[in-house]
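Close look at the chain arrangement
Chain by chain, the residues:
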Amino acid sequence: MLRRPPLELYELTIHEAADRLARRELSSRELTQAVLDRIHQVEDKVRAYVTVTEELALKQADEADKRIAAGDAAPLTGIPAAIKDVICTKGVPTTCGSRMLENFLPPYQAHVTERLLDAGLVMVGKANMDEFAMGSSTENSAFYPTHNPWDLDRVPGGSSGGSAAAVGASECIYALGSDTGGSIRQPAALCGVVGFKPTYGRISRFGLVAFASSLDQIGPLTKDVTDCALVMNVIAGHDTRDSTSAPLDVPDYTQSLIPDLKGMRIGVPQEYFVEGIDADVRASVEAAVNKLQELGAEVDREVSLPSTGYALACYYIIAPSEAMANLARYDGVKYGYSDRRGDTMWQNMELTRQYGFGDEVKRRIMLGTYALSAGYYDAYYLKAQKVRTLIRREFDAAFQKCDALVTAVSPTPAFKLGEKTADPLQMYLSDVCTIPVNIAGIPAISVPCGFAPAGGGSASGGDALPVGLHIMAKPFDEPTILRVAYAYEQATEWHKARPKL
Amino acid sequence: MAITREEVQHVAMLFRMSLSDEEIAKFQQQLSQIIDYFQVLQQIDTEGVPPTSHPVSLENVMRSDEPRPSYPPEDILANAPQSERGFFRVRAVLE
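Now for a quick tour of the structure. (Residues numbered from 1 in each chain as written. Chains lettered and ligands numbered in written order. Predicted model: local features only at pLDDT ≥ 70, side-chain atom pairs only at ≥ 80, totals over all residues.)

1. Details of the interface of chain B and chain A
Note the cut-off: By definition, residues are in contact whenever their C-beta atoms, placed on the basis of the backbone, come within 7 Å of each other. Put simply, DSSP marks the helices as runs of H or I at least four residues long and the strands as runs of E at least two long, and each gets a number from the N terminus on. Under the scheme applied here, ten amino acids are nonpolar (Ala, Val, Leu, Ile, Met, Phe, Trp, Tyr, Cys and Pro), four are charged (Asp, Glu, Lys and Arg), and all others, including Gly, are polar.
Listed per partner, the contact involves 39 residues of chain B and 55 residues of chain A. Among the secondary structure elements, those contributing two or more residues to the side of chain B that touches chain A are helix 1 (5-14), helix 2 (21-38) and helix 3 (73-77) of chain B. Per-element tally for the side of chain B that touches chain A: the top contributor is helix 2 of chain B, with 7 residues. Taken together, the residues that form the side of chain B that touches chain A break down as 30 nonpolar, 6 polar and 3 charged.

Okay, here's the thing in C-alpha cells:
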C-alpha cells in the first residue's frame, strides 16, 4: 500500500487537478499526457479499456486549455475521464463488451456524455465491462477480462470493472459506470474507489444501452467523495428524452460535503450481516459504524428489513425479463453483428444471436423468456414484482426512523479470476448486498473502509484487498449519502491508498 | 431438473436464438439450478400486495405530438449490415 505524497500528475483527484489548472500551474495537455503515459505503462497488466482514444483526448485537452485561458472553465474542464463502454459516444466505438456491437458507432451522444462535453470533457477511453453489463467480475467481456489493480490475479468486480480498475490504477482521473444490481458499487469496493449509484431517475438514461430499464442508472466512479459530488453536479438532472428521468431540481452536491454527522440517524440492518459475509469485511464495516458514531451519528443496530433475503431471486427474475425485451433489438438487421449463413431471415436472426451473444447474456435472455412465458408469468414475474413492493415498503419504513443505512457492499473482497465463472449462481451472490437498492430504486454509495488480507500468492505483490462501505438513503436524498460518505472519508485515510503497479 | 432439454430449446426459440447441443446441455443444468433457487419466493406471503409498476413513482409523462427533426437516415443506416436505397436489406420474409 503506497501512501502519497509524492504525487504523480495522474494520481491527482478532480478537485486537486482543477485547482492547479485554475492557477495555471498545470495544463490539461500535460495532465492528459500524464494519464495517457500511465495507460501505456500499466494497461498491459490491468486491461481496463476496450478503446483508448488518445488522439481525441489530446484534441479535447487543447480545447480545454483554450477554455481555461479564456476564463470559461468549469470544475471538470480538461480533466481526463473514462466512460463505460455501454454509454453512447458519437462516432467512438461503443461495444457494450459484446461481439454483437464490436463495430457499432453510435449516431448520437448519450445525455451524460453531452453534459460532460459541455463541461469540457477529455475522454481518454471507453472502459471494459461485462457483456451488456451482465456480470460481477468483468470476465463476461467478449474481449478480455480486466484485472484488479490491487492484485492482478483477482477480478475488479463488475460490470463496471473497467471503470473501477481505471480509476484505481490511475488510468483516468474519474469514470462513469452504470449500475443495475451493483455494477458501480461492487467494482468500486473491490478496487478501493468511490462509486455512486444515484436514485433511479436522477440521471437521464438517454444513450445508455438498455439492460434492465426499471433498474439501470448511470453514476460516477471517483477517487474521493468531493470528486463524486463534482461529477454529480454535471450529470444529474431532468432530460425530456428519458421519460423516467425525474423532473426535479438538482441541488449543488458540494454543499453536502460537511465533515460531521451530528443529529444524523444511521441504521445498520441486521439481515445484511448474516452467513456468507467474510470476517474481515464484517470487521471493517463494524469499525466504520463505530467511526460514524464517533463523528456524531446516532446508530441504530436493531433496524430490520425482513425481505432482504428474497431480493436476489426477485432481481434475477425482473432484470432478465426486462433484458430479454431490450435485447430483442439485436436482430442482425439494423446494426451490430449479422450472421447471414442461414437460408431464411429467421435462421439468420437465430444464428446472429447464437454467435453474437456470450453465455451470460444467453442465460439471462432464457431466464427472462422463461419467466414471462405462458403458464409461468404469475409464478415468477408477477410474484417478483409483488415481492419488490414489499422490499420497497420495508425501505420506506426504515427511512422513517433513519436518515441512512449502512452495510457491506460486497460480502467478500475481490475473488480470483476464474473462481466463479463455472457457477453462475455463486457469481450472482456477489451482489447480494447491492441488489436490494436497485429493486427499491434508492441511491447508495460505496466508499473505501479498510483492507482485508489477500492470502495466498499475488502477482502484483499487493498485500491487501480493499473493502467498501455501503451507504443508502431514501429516494433523491443523495445529499445525505454524500454527507455521511464525506464525513467518514475525512476522518479516515483509506481513500488515500494507491495500489503498487 | 427444473427445466427439460425441450423447454430450453423452446425458450430459446421463443426468443429466436439457436443453440448448439453442448449449449443446450450446459444451460439446462445451469438454468435448472437458478430456477430452483427462485422457489424461495414461494415462501413469502404476497396476498393483497400490488405488483410494482415503477420503482420511484412518477405521474404519466406526456408531450404534445408535434413533428420535429429526427436523425439523418444516412447516419442511422451507417451501422446497418446491409442497406439499399435508404432501406435496411433483409432476406425475403414471404416465400
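Now that the structure is up, let's keep going.
2. A short note on unusual backbone geometry
All names here are of chain A. Of note, the bond from glycine 158 into serine 159 is cis; its omega dihedral lies within 30 degrees of zero at 10°. With respect to the helices and strands, serine 159 occurs in the loop between strand 4 (122-127) and helix 5 (161-168). In the Ramachandran plot, phenylalanine 132 falls in the positive-phi region, its phi being about 50° despite a non-glycine side chain. Following the sequence through the fold, phenylalanine 132 ends up in the loop between strand 4 and helix 5.

3. A few points about the nonpolar core
This is how the line gets drawn: By definition, a nonpolar core groups buried Ala, Val, Leu, Ile, Met, Phe, Trp, Tyr and Cys residues that are joined through C-beta atoms within 7 Å. Buried, partly exposed and exposed are defined by the number of other C-beta atoms within 10 Å of a residue's own C-beta, namely 20 or more, between the two limits, and 12 or fewer respectively, with C-beta atoms placed from the backbone.
Ranked by size, the top nonpolar core spans 175 residues in total, and within it Ala81, Cys314, Ala404 and Val484 of chain A carry the most contacts. When residues in this core are grouped by element, the largest group, 12 residues, is from helix 9 (residues 311-327) of chain A. With sequence-adjacent residues up to four places away left out, cysteine 314 of chain A is seen in contact with Ala384, Val387, Arg388, Ile391 and Ile439 of chain A together with Leu41 of chain B.

4. Looking at the pairing of strand 10 (residues 404-408) of chain A
Consecutive residues of a regular strand have side chains that alternate between opposite faces of the sheet. Residue and element names in this part refer to chain A. We apply this condition: DSSP bridges decide pairing: two strands pair if at least two such bridges lie between them.
Counting buried positions along strand 10 yields 5 of 5 residues, so the element is predominantly enclosed. The pairing of strand 8 (residues 265-267) with strand 10 spans 2 bridges and is classified as parallel. Within strand 10, the position partnered with isoleucine 266 by the bridge is alanine 404. Summarising the sheet, strand 10 and strand 12 (residues 464-472) pair through 4 bridges and their orientation is antiparallel. Across the sheet, leucine 405 pairs through a bridge with methionine 472, a residue of strand 12.

5. Topic: the environment of glycine 237 of chain A
All names here are of chain A. Residue position: glycine 237 is located in the loop between helix 7 (225-235) and strand 8. By the C-beta count within 10 Å, which is 18 here, glycine 237 ends up partly exposed. Here the alpha-carbon distance between glycine 237 and glutamine 109, two residues 128 residues apart in the chain, equals 16 Å.

6. Looking at the sheet that holds strand 3 (residues 80-84) of chain A
To summarise the sheet geometry, strands pair through backbone hydrogen bonds and adopt either a parallel or an antiparallel arrangement. Residue and element names in this part refer to chain A. Convention followed: Angles run from 0 to 180 degrees between N-to-C directions of axes, and those axes are lines fitted to C-alpha atoms, restricted for helices to the stretch in contact.
One open sheet accounts for 11 strands, arranged 2-4-3-5-7-6-11-12-10-8-9; its pairing is mixed. Two strands close off the open sheet at either side, each with one partner strand: strand 2 (49-52) and strand 9 (298-300). Recorded for the sheet is a direction-independent mean angle of 30° between the axes of neighbouring strands. Here helix 5 sits on the sheet in contact with strand 2, strand 3, strand 4, strand 5 (174-179), strand 6 (194-197) and strand 7 (217-222), set at roughly 155° to strand 5.

7. What to know about the packing of helix 9 of chain A against helix 11 (residues 359-372) of chain A
Residue and element names in this part refer to chain A. For clarity, the threshold we go by: Each angle is binned into one of four classes, with values under 35 degrees roughly parallel, values over 145 roughly antiparallel, values of 65 to 115 roughly perpendicular, and all other values oblique.
Closest axis-to-axis distance for the helix 9/helix 11 pair is 7 Å, and the angle between their directions is 100°. In this view, helix 9 runs roughly perpendicular relative to helix 11, as classed from their interaxial angle. Every residue of helix 11 that contacts helix 9 at Tyr316, Ile317, Pro320, Ser321, Ala323, Met324 and Leu327 is listed here: Val361, Arg364, Ile365, Leu367, Gly368, Thr369, Ala371 and Leu372. Its residues placed into classes, the contact of helix 9 with helix 11 shows 11 nonpolar, 3 polar and 1 charged.

8. Quick word on the pairing of strand 6 of chain A
Residues and elements named next belong to chain A. With burial as the criterion, each face of strand 6 is covered, one bearing Val194 and Phe196 and the other bearing Gly195 and Lys197. The pairing of strand 6 with strand 7 spans 2 bridges and is antiparallel. Bridge pairing links valine 194 to threonine 222 in strand 7. Bridge count between strand 6 and strand 11 (residues 444-453): 3 bridges; the pairing is antiparallel. When the sheet's bridge partners are listed, phenylalanine 196 is paired in strand 11 with isoleucine 445.

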